[in-house]
Amino acid sequence: MDLGVRWKLHGDGRTPAPGAVVRPDERLSWPRTVGLGAQHVVAMFGASFVAPVLMGLDPNLAIMMSGVATVIFLLATRGRVPSYLGCSLSFVGVAAVIRAQGGSSATVTGATLAVGVVLFLVGLAVQRFGARIIHAAMPPIVTGAVVMLIGFNLAPVTASTYWPQDQWTAILVMLFTGLAVVCLRGFWSRIAIFLGLIFGYGISWVFDRVFGKIHSVDGSGKLTDHWRLDLSGVSKADWIGLPHFHGPSFQWSAILVALPVVIALVAENAGHVKAVGEMTGDPLDDKLGTAISADGVASMLSTAVGGPPNTTYSENIGVMAATRVYSTAAYWAAAGFALLFGLCPKFGAIVAAIPGGVLGGITVILYGMIGLLGAQIWLNAKVDLRNPLNLVPAAAGIIIGVGNVSMKFTGNFSLSGIALGTVVVITGYHALRAFAPAHLKKQEPLLDEGTSTYDPGTGRTES
């Protein structure tokens, strides 16, 4: 049985040709592959630490289970869908509502485990009836809009959380990372994100020595004088230690609050598979159901032991877009790092010490790349945005997703941000289509016919 754990060496394994793509079944030399795996771990660490903390769960357990989830996903998709699974930010609001109702951490994980079960069943339905049922609901105009709002929904995290902590470090890291992506050659350009983080660590240390403490908001949003790079927690942390496990508790009221997030998770997975297909030039419609089911299984396993639910990670799409290395070997390396780092509180303390300004400079590039992949889907599918049938639902959904607009239905049930934006795009498109004149419907087929084709001679994708 092919589990997707065999890779061909790309070229000499050292420096890919300019513009070349390292495909999922290829790899660079193992030292370089391990380095790329480390970069993927670093890229997802910010959100993977923040989300469980906001949910009141153990971040070290979240990191460890993200490695387990990634292994499950890679095995299930037979190595065709390069992806990292990390803690889903879609559940942060759900956890807050459940806790406000008196729920415990066990109640939160029980509710999110139920979401994992539903997600798994949705994946089975897609496997049984084909990706056509997803594409019928989400043609290119819809998938492009969903990918775009998923990426741009992250913008407030940069604007309100990271950037204000140290705007000058953020702008320097942004400029350095951009120059590294564009100007460096070979392998170095492909680890530009990681280099940007190292540069940010260094410049923060220098600024602390030269200018002293900075007067700005800290990670908690409190205005105070603080060091840009605070490593005090690193010396106090143990080298080896188990995360905190606990079992789930099931309450119908909490489950009903959490279930609507399934909409966002299906959209995230569909958008991720679509985006990866666009980047790799490998149509992945046949793996969509498997990807959704694998996400569901991974989330069930994580929440069963007290961890957060998982989803395909937008941050890592940005890393792939920047490096053009789609090797699943790098994701296996990333999963291995996550498993080890989850057992090392000291490493968690090091990652947690990454200055907010550094994350601001990095994420302003990464999150933008994610959103613009939605535009790439529209371009490759030749979506006509002059057609109001396409323009109106996409415009409304993107603004709702980017602005994190919230809509409250009952005292315990509301939708916001990605979930609400996705619902508006999907229902808006099909509702308008039902009433639209025939000439508007003819400008785009209802069913998506695939992603793109790949020319191995040029390394380019074509519609």
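Residues numbered from 1 in each chain as written. Predicted model: local features only at pLDDT ≥ 70, side-chain atom pairs only at ≥ 80, totals over all residues. Heavy atoms only, no water.

This model, assessed by the stated rule, comprises three salt bridges. Taking the shortest distance from any N to any O, the salt bridge between Asp166 and Arg228 comes out at 3.2 Å. With Asp166 in the loop between α7 (155-162) and α8 (167-183) and Arg228 in the loop between β5 (223-226) and α11 (232-236), this pair connects stretches of sequence that are 62 residues apart. Residue Asp166 is classed as buried on the basis of its relative accessible area of 6%. Residue class for Arg228 comes out buried when judged on its relative accessible area of 12%. For the salt bridge of Asp384 with Arg386, the shortest nitrogen-to-oxygen distance reads 3.0 Å. A single salt-bridge network, built from bridges that share partners, covers Asp166, Asp208 and Arg228. (Salt bridge = Lys/Arg side-chain N within 4 Å of Asp/Glu carboxyl O. Helix = DSSP H or I, 4+ residues; strand = E, 2+ residues; numbered from the N terminus. Buried < 20%, exposed > 50% of the residue type's maximum accessible area, 1.4 Å probe, protein only.)

A surface patch of nonpolar side chains, amounting to about 430 Å² of accessible area, comprises Trp205, Val206, Val210 and Phe211. Topologically, Phe211 is positioned in helix α10 (residues 192-211). For Phe211, a relative accessible area of 56% gives the class exposed. (Patch = residues over 30% accessible without salt bridge, like charges linked within 9 Å, V, L, I, M, F, W, Y side chains within 5 Å. Areas by Shrake-Rupley, 256 points an atom, 1.4 Å probe, with all protein chains shown as cover.)

Okay, the packing of helix α6 (residues 140-152) against helix α19 (residues 388-403) next. Two numbers describe how α6 lies on α19: the axes approach to 8 Å, and their chain directions differ by 20°. Of the possible angle classes, the one that applies to α6 and α19 is roughly parallel. As for how α6 packs across α19, the hand of that crossing is right-handed. Listed contacts from α19 to Ile141, Ala145, Met148, Leu149 and Phe152 of α6 are Asn390, Ala394, Gly397, Ile398, Gly401 and Val402. Looking at the contact of α6 with α19 residue by residue, the classes come out as eight nonpolar, three polar and no charged. (Axes fitted to C-alpha atoms, helices over the stretch in contact; angles between N-to-C directions. Parallel < 35°, antiparallel > 145°, perpendicular 65-115°, else oblique. Left-handed = near helix turned anticlockwise from the far one by under 90°. Contact = heavy atoms within 4.5 Å. Nonpolar A, V, L, I, M, F, W, Y, C, P; charged D, E, K, R; others polar.)

Its 25 residues give helix α18 (residues 356-380) an end-to-end C-alpha distance of 36 Å, which sits within 8% of 36 Å, the value for a rise of 1.5 Å per residue. Where α18 bends most, the angle comes to about 30°, and this point is Thr363. α18 sits mainly inside the fold: 18 of its 25 residues count as buried. One or two residues past the end of α18 sits Lys382, with phi positive at roughly 55°. (Expected span 1.5 Å × (residues − 1). Bend = angle between axes of the 7 residues up to and from the residue.)

Moving on, we get to the side chain of Ser293. Within the fold, Ser293 resides in helix α14 (residues 288-304). Exposure remark for Ser293: the relative accessible area of 5% places this residue in the buried category. Apart from the residues lying within four places of it in its own chain, the contact partners of Ser293 are Phe120, Gly123, Leu124 and Gln127.

All right, on to the confidence of the model for the protein then. This prediction gives the protein a mean pLDDT of 79; 86% of its residues lie at or above 70. Confidence, expressed as mean pLDDT per element, reaches its minimum in the protein at strand β9 (residues 453-455) with 34 and its maximum at α14 with 91. Considering only residues more than four positions removed or in separate chains, one finds that residues 444-463, a stretch of pLDDT under 50, has 52 contacts. (pLDDT = per-residue confidence, 0-100.)

Glancing now at the side chain of Thr77. Mapped onto the elements, Thr77 comes out in the loop between α2 (59-76) and β3 (85-87). If sequence neighbours within four positions are ignored, Thr77 has contacts with Lys287, Thr290 and Ala291.

On to the packing of α10 against α18. One way to put it is that α10 packs onto α18 with a least axis distance of 9 Å and a crossing angle of 155°. Classified by the interaxial angle, the pair formed by α10 and α18 is roughly antiparallel. Here α10 runs over α18; the crossing is right-handed. Counted together, Ile193, Gly196, Leu197, Gly200, Tyr201 and Ser204 of α10 and Val358, Ile362 and Leu366 of α18 form the full contact between these two elements.

Turning next to the nonpolar core. In this structure, Val142, Leu288 and Trp378 are the most contacted members of the largest nonpolar core, which totals 75 residues. Ranked by size, the runner-up nonpolar core spans 14 residues in total, among them Ile193, Val358, Leu359 and Ile370. (Core = buried A, V, L, I, M, F, W, Y, C linked by side-chain atoms within 4.5 Å.)

Mapped onto the elements, Gly200 comes out in helix α10. On the basis of relative accessible area, Gly200 is assigned to the buried category, the value being 0%. Considered as a pair, Gly200 and Ile354 are 154 residues apart in the sequence and their alpha carbons are 8.4 Å apart. Beyond its immediate chain neighbours, meaning those up to four positions away, Gly200 contacts Val173 and Val358.

The next subject is unusual backbone geometry. Although it is not a glycine, Arg78 sits at a positive phi angle of roughly 55°. Overall, Arg78 belongs to the partly exposed group, its relative accessible area being 32%.

So, about the packing of aromatic side chains. Overall, the coordinates contain three aromatic pairs when judged by the stated rule. Taking 4.3 Å as the distance between ring centres and 0° as the angle between the ring planes, the aromatic pair formed by Phe176 and Phe199 counts as stacked. One end of the pair, Phe176, is in helix α8; the other, Phe199, is in helix α10, and 23 residues separate them in sequence. Of the residues examined, Phe176 reaches a relative accessible area of 29% and is grouped as partly exposed. Its relative accessible area of 26% is what places Phe199 among the partly exposed residues. Taken together, a centroid distance of 5.4 Å and an interplanar angle of 20° make the contact between Phe337 and Phe341 stacked. Taken together, the residues Phe337 and Phe341, both in helix α16 (residues 328-342) and four residues apart, mark about one turn of the helix. The exposure class assigned to Phe341 is buried, which follows from its relative accessible area of 17%. (Phe/Tyr/Trp six-rings, centres within 6.5 Å; stacked < 30°, edge-to-face > 60°.)

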